[in-house]
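# A closer look at the structure
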Amino acid sequence: MARQMMHAIASYKGLPIDDPESLQDVEVPVPALRPRDVLVRVRAVSVNPADVKSRAGLPEGEEPRILGFDAAGVVEAAGPEVSTLSVGDEVWYAGDVTRPGANCDLHAVDERIVALKPASLGFAEAAAMPLTTITAWETLFDRFGLTADSTGTLLALGGAGGVGSIMIQLVKELTGLRVLASAGRPESREWVRQFGADDVVNHHQLAASTREVAPDGVDYLFSPHSRGNVEAFAEIVRPFGHITAIDEPEGLDLLPLKAKSIAWHWELMFTRSIYQTEDMIEQKRLLEAVSALVDDKRIRTTLNTSIDDFSAAGLREAHRLVEAGRSTGKVVVTR
């Protein structure tokens, strides 16, 4: 019997986003479910820098590659070993980089990285959050080891971006730390203050502007932009401080950090699903925790731009906005 087909947005090779073939509307088979998969009817997706990077770097291939990580939708079917979700559940999640993405009608994803979305959010508002929320949470509580009793100062670079916008909120709600955020443009500075930043620094004069508001330096630093900044990090991070980075600049020299015994951590929110780690379900649990915070009005969505066009054209526009690097918060495509 022929497999049921569905609509998806896919790429065949990395192309500039202005090329209409960079993202195309295609018909593909509905995915088969693994034992612990749920099949989600996707209602909204968000576009992250990771999506843009994946699209631009795709090698040429004959089969369409479906991109997309963040998604919110409704569970339509479940594999035989699924025990935590049911058909009809409204869910949110950030997907798995080793599998086809969420830019499609129906998406297969492991239940261990899927949670019920906040009841108080619509699908677009919810889709804006999972990838950046997981990245921020794992940075704060897994890499830095912060707790409700933690004190000191944290600097979030790229504070107006997706990860920064949620990290500021999590720090203010769940720890005792002071939060600094870097932002350049006036609208970015206003954005990070709205989300709770105690002070704002200018990443173009990172060391000097940080010293103005934190003369003794910072204890923790989050970096999505490490290239060319390690010397400044060494200057502004206190002895025995911690840095977590999410980028991967080639030839990064960390030796300037040694004199202060500054610890360097990497964060990749896909590590658990790539390696099917024993604690993979922790991503479900943290999404559940943040869902409760959202419904309690302690955390709010970082959605800023919503495009009501779940098609290749709509996704290309979202990629274009994110690729320009000047958007605050998150860009979502919805149907």
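Our subject is the structure listed above.
Here is a short report on the structure shown in this document. The structure displayed is predicted, hence computed values, not measured ones. (Residues numbered from 1 in each chain as written. Predicted model: local features only at pLDDT ≥ 70, side-chain atom pairs only at ≥ 80, totals over all residues. Heavy atoms only, no water.)

## Focus on the overall build of the protein
As a reminder of what qualifies: Helix and strand definitions follow DSSP, with helices as H or I runs of at least four residues and strands as E runs of at least two, each counted in order from the N terminus. Atoms considered for the radius of gyration are the C-alpha atoms alone. The globule rule reads 2.2 Å times the number of residues to the power 0.38. Exposed residues in this analysis have more than 50% of their type's maximum accessible area, buried residues have under 20%, and partly exposed residues fall in between, with area computed by a 1.4 Å probe over protein chains only. For this analysis, residues touch if any pair of their heavy atoms sits within 4.5 Å. Shrake-Rupley sampling with a 1.4 Å probe provides the accessible areas, and residues are treated as covered by the protein chains on show and by no other component. Charge convention: Lys and Arg are scored as positive, Asp and Glu as negative, and His as well as the terminal groups of each chain are ignored. Taken as the charge location is NZ of Lys, CZ of Arg, CG of Asp or CD of Glu.
A tally of regular secondary structure across the protein gives ten helices and 16 strands. What you see for the protein is a C-alpha radius of gyration of 20 Å, in line with the 20 Å of a compact globule of 335 residues. Classification of the 335 residues of the protein by burial places 54% in the buried group. Within the protein, contacts between residues at least 6 apart in sequence are counted, and of these 70% link residues at least 24 apart. Accessible surface for the protein amounts to roughly 14400 Å². Of this, 50% is attributable to carbon and sulfur atoms. Each charge class in the protein can be summarised by its mean position, and for the 34 positive and 48 negative side chains these summaries are 2 Å apart.

## Quick notes on the pairing of strand 12 (residues 218-223)
Here is the rule we go by: Two strands qualify as a pair provided that DSSP identifies no fewer than 2 bridges between them.
Of all the six residues making up strand 12, five are buried; the element is thus mostly covered by neighbouring parts of the structure. Judged from the three bridges that link them, strand 9 (residues 153-156) and strand 12 form a sheet pairing that is parallel. Residue pairing in the sheet places Leu 154 in a bridge with Tyr 220 of strand 12. Inspection of the sheet shows strand 12 paired to strand 13 (residues 237-245) by five bridges, in the parallel sense. In the sheet register, Val 218 faces strand 13, and the bridge partner there is Val 237.

## A few points about the packing of helix 1 (residues 49-56) against helix 10 (residues 312-324)
For clarity, the cut-off: Note on geometry: axes are C-alpha line fits, over the in-contact stretch for helices, and angles between N-to-C directions span 0 to 180 degrees. Any angle from 65 to 115 degrees is called roughly perpendicular, while one under 35 is roughly parallel, one over 145 is roughly antiparallel, and all others are oblique. Gly falls in the polar group here, along with every residue not listed as nonpolar (Ala, Val, Leu, Ile, Met, Phe, Trp, Tyr, Cys, Pro) or charged (Asp, Glu, Lys, Arg).
It is at 9 Å that the axes of helix 1 and helix 10 come closest, and there the two elements cross at 105°. Considering their axes alone, helix 1 and helix 10 lie roughly perpendicular with respect to each other. Between helix 1 and helix 10, the residues in contact are Pro 49, Asp 51, Val 52 and Arg 55 and His 319, Val 322 and Glu 323, respectively. The class makeup of the residues in the contact of helix 1 with helix 10 is three nonpolar, one polar and three charged.

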